[in-house]
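Tertiary structure, described
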Amino acid sequence: MVIDLRKCIGCGTCQSVCWQINNAPPGSLWRRVVDREIREYSWFLRVFVPINCMHCSRPPCLKVCPTAATYQRVDGIVGIKDELCVGCGYCVVACPYLARTITFQDKMRFESKRDLQEPAASKSDRIGVCTKCNFCSPRVEAGLAKGLIPGSDPEATPVCVNFCIANALSFGDLDDPESEVSRLIRKNKTVRLQEELGTEPSVYYIVD
Amino acid sequence: MKIELIQPSKQKVWGWPAVANFILGGAGAGFYLLSFVTRIPGGGMTAMFDPVLFGLLAPVLVGLGFLCLTIEAGRPSRGRHLFRHVRHSWMSRETLAGAIFVPAAVLHWLFPNTVLWLLGTASAVGLMISQGYIVYRARAVPTWNVPIIPLLFVSSGFATGAGLLLAPMGWLTTGRGPAVIAMICVVVNLIVWLLYLHWSHDASFREGTKALRRPIALILTVGIGHLLPALVLLRALVGPGVETGAELPHIVAALVAVTIITGGASQKAGIILAAGHYRGIVLRR
């Protein structure tokens, strides 16, 4: 995934749509948009930085998981098998991107009231286990099965990318030099978060 | 240019149950290993050191530690899956070591034989090491992700185990073995603890361990937990009365044991609860 910080306006649509479509459990942090104001000479600059699971090439969460509930697909997406997770929290303290959360209570976002979508999120199999962004892997998988291309065809692309109103998010195959994401990385100055930890995150941020 | 996106924050995933597991597991394994050392000829233990309480103390402590984890885990009923990743996960290895240790130690108490003793000893060592590595592999917490942590968990386990060993001194022992062992363990653990507190100049490590360097914390971990028992033991071992073979008075030995156990427990509680801060997330432009 490539996130163009020059385009992101911090509307939070990606965050909301992620919660809605993926039925992310209440209190989970599958996706968040950080809003920061920084001083640059005599003026202030406001930056919005969407953060989700970085789907690292060398994910620290993968090796620590005692039940092997955390797995890495061939295409690099890191997922969790809900039915194997014991909710020990080891992956939570292993992830330097704070991308993993365990929900212990079946409480909804708006106190006791549930919005139209939330009954679907109230699945008991999501309580007491770790959840995180999975790059909408069921959606990507279904799209691939239909012969669609992730990143190009909306049906095979994560919903946050599809719904971004500023077109700041791009998704695709980093191993394909002709993909949109590879082209963006080649042509722009990009950074990755916490690179010094050697996790090799798969989310790139275009800066300046 | 660095932009701090998310500030360091306290981890809340592992609380008292995890701390209890680290304390009880380390103390149990340390006690088990040390109790055999003191049984060698000249080690100072008598046959009286075999009553039920002491034969079963180590496996009971380790078992209780694991039991504590069931309070914290979201889905403890899925515990059988914990052995699935022994090849890579230190938590799987810890579970495996514990699952071997508890029955091996109980069976060895019932039917003493070399195979069970070896199994119990090897799994106790494995348990102590894996607990340290569990904490060390937590990449999100800079105060845990330092290479001295596994050594600290081993030295702390031995120190608390030595404290347990010292507790019955005066009515179950005839020699100075436990006092000598406790002295060595306490001094080594103190050195490792001080090394840990000054391990890195990294800002996140310094900030995270700040709570452990506060005077009140140092009084507890260094003063009461290490220096005080070390001085009492030193006096008992080399001070007046040594020539006559006088031993530590019962009450003093018990108090020293309590201070050592308190020191070891406060170390682990401090590391997990007070120093357990997630590293901040920074964007470097």
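Structure first, text after, so check above.
In this report, we go over the structure that sits alongside the text. Bear in mind that the values here come from a model prediction, so they are computed numbers and not experimental data.

1. Comments concerning the overall build of chain B
Within chain B one finds nine helices and four strands. Going from N to C terminus, chain B has its helices and strands arranged as β-β-α-α-α-α-α-α-α-α-α-β-β. Here chain B holds 285 residues, and the buried ones make up 54% of them. Put simply, 79% of the contacts in chain B that link residues at least 6 apart link residues at least 24 apart.

2. Quick word on the nonpolar core
Counting residues in each nonpolar core, the largest one holds 91 residues, and the members touching the most others are A:Ile51, A:Tyr205, B:Leu5, B:Trp14, B:Tyr196 and B:Leu283. Those residues in contact with B:Tyr196 that lie beyond four places of it in its chain are B:Thr143, B:Val146, B:Ile148, B:Ile149, B:Leu152, B:Phe205, B:Thr209, B:Leu212 and B:Ile271. Within the second largest apolar cluster, 35 residues are counted, among which are B:Ala58, B:Val186, B:Ala230 and B:Ile260.

3. What to know about the side chain of A:Asp4
Residues and elements named next belong to chain A. Relative to the elements of secondary structure, Asp4 occurs in strand β1 (residues 2-4). The class of Asp4 is buried, set by a relative accessible area of 5%. Separated by 3.0 Å, the side chains of Asp4 and Arg6 make a polar contact. Apart from residues lying up to four places away in sequence, Asp4 is in contact with Ala168 and Ile206.

4. Digging into the environment of A:Ser202
Residues and elements named next belong to chain A. Mapped onto the secondary structure, Ser202 falls in the loop between β9 (190-191) and β10 (204-206). Taking the C-alpha atoms as reference points, Ser202 and Cys56, 146 residues apart in sequence, are found 5.4 Å from one another. Among residues more than four places away in sequence, those in contact with Ser202 are Met1, Met54, His55, Cys56, Ser57 and Leu174.

5. Description of helix α1 (residues 16-37) of chain B
Helix length check: α1(B), at 22 residues, gives a terminal C-alpha distance of 31 Å against a target of 32 Å (1.5 Å per residue), a fit within 8%. Counting buried positions over the 22 residues of α1(B) gives 19, a clear majority of the element.

6. Thoughts on the packing of aromatic side chains
A full pass over the atoms with the stated rule returns eleven aromatic pairs over all chains. Judged by centre distance (5.1 Å) and plane angle (80°), the rings of A:Phe135 and A:Phe171 are edge-to-face. Separated by 36 residues along the polypeptide, A:Phe135 in the loop between β7 (130-131) and α5 (137-145) and A:Phe171 in the loop between β8 (169-170) and α7 (180-187) bring together distant segments of the chain. Accessibility expressed as a relative area gives 8% for A:Phe171, which makes it buried. Both rings, one in B:Tyr196 and one in B:Phe205, keep their centres 5.6 Å apart while their planes meet at 85°; by these two values the pair is edge-to-face. The exposure classification of B:Tyr196 matches that of B:Phe205, with both residues buried. Among the aromatic residues, those joined into a cluster by ring pairs are A:Tyr90, B:Trp14, B:Phe22, B:Trp144 and B:Phe153. If you follow A:Lys81 out to its NZ or CZ, it ends over the ring of A:Tyr71, 5.4 Å from the centre. Over the face of the ring belonging to B:Trp90 we find B:Arg93, whose NZ or CZ atom lies 4.4 Å from the ring centre.

7. Notes on a negative patch on the surface
Residue and element names in this part refer to chain A. A contiguous patch of negative charge, built from Asp173, Asp175, Asp176 and Glu178, is present on the exposed surface. As for its position among the elements, Asp176 is in the loop between β8 and α7. A residue is classified by how much of its surface remains accessible, and Asp176, at 31% relative accessible area, is partly exposed.

8. Notes on the interface of chain A and chain B
Listed per partner, the contact involves 51 residues of chain A and 42 residues of chain B. In total, about 3,600 Å² of surface goes out of reach between chain A and chain B, with carbon and sulfur atoms giving 62% of it. Applying the counting criterion to the chain A and chain B interface returns one salt bridge. The shortest N-O distance in the salt bridge between B:Arg284 and A:Glu196 comes to 3.5 Å. Between chain A and chain B we count 19 residue pairs in polar contact (both at pLDDT 80 or more) in total. Counting residues per element, the ones that place at least two in the side of chain A that touches chain B are β2 (31-40), β3 (43-52), α2 (60-64) and α3 (90-94) of chain A. The dominant element in the side of chain A that touches chain B, judged by the number of residues it contributes, is β2(A), at six residues. In the side of chain A that touches chain B, the residues fall into 33 nonpolar, six polar and twelve charged.

9. Concerning unusual backbone geometry
All names here are of chain A. Despite not being glycine, Leu98 shows a phi value in the positive range, around 50°. Looking at the secondary structure, you find Leu98 in the loop between α3 and β6 (101-102). For Leu98, a relative accessible area of 11% gives the class buried. Even without being glycine, Phe135 reaches a positive phi, approximately 55°.

Conventions used here
- Residues numbered from 1 in each chain as written.
- Chains lettered and ligands numbered in written order.
- Predicted model: local features only at pLDDT ≥ 70, side-chain atom pairs only at ≥ 80, totals over all residues.
- Heavy atoms only, no water.
- Helix = DSSP H or I, 4+ residues; strand = E, 2+ residues; numbered from the N terminus.
- Buried < 20%, exposed > 50% of the residue type's maximum accessible area, 1.4 Å probe, protein only.
- Contact = heavy atoms within 4.5 Å.
- Core = buried A, V, L, I, M, F, W, Y, C linked by side-chain atoms within 4.5 Å.
- Polar contact = N/O pair within 3.5 Å; in protein donor to acceptor, adjacent residues only side chain to side chain.
- Expected span 1.5 Å × (residues − 1).
- Phe/Tyr/Trp six-rings, centres within 6.5 Å; stacked < 30°, edge-to-face > 60°.
- Lys NZ or Arg CZ within 6 Å of the ring centre and 35° of its normal.
- Patch = residues over 30% accessible without salt bridge, like charges linked within 9 Å, V, L, I, M, F, W, Y side chains within 5 Å.
- Areas by Shrake-Rupley, 256 points an atom, 1.4 Å probe, with all protein chains shown as cover.
- Salt bridge = Lys/Arg side-chain N within 4 Å of Asp/Glu carboxyl O.
- Lys, Arg positive; Asp, Glu negative; His and termini not counted.
- Charge placed at Lys NZ, Arg CZ, Asp CG, Glu CD.
- Buried area = accessible area lost by both parts, 1.4 Å probe.
- Nonpolar A, V, L, I, M, F, W, Y, C, P; charged D, E, K, R; others polar.

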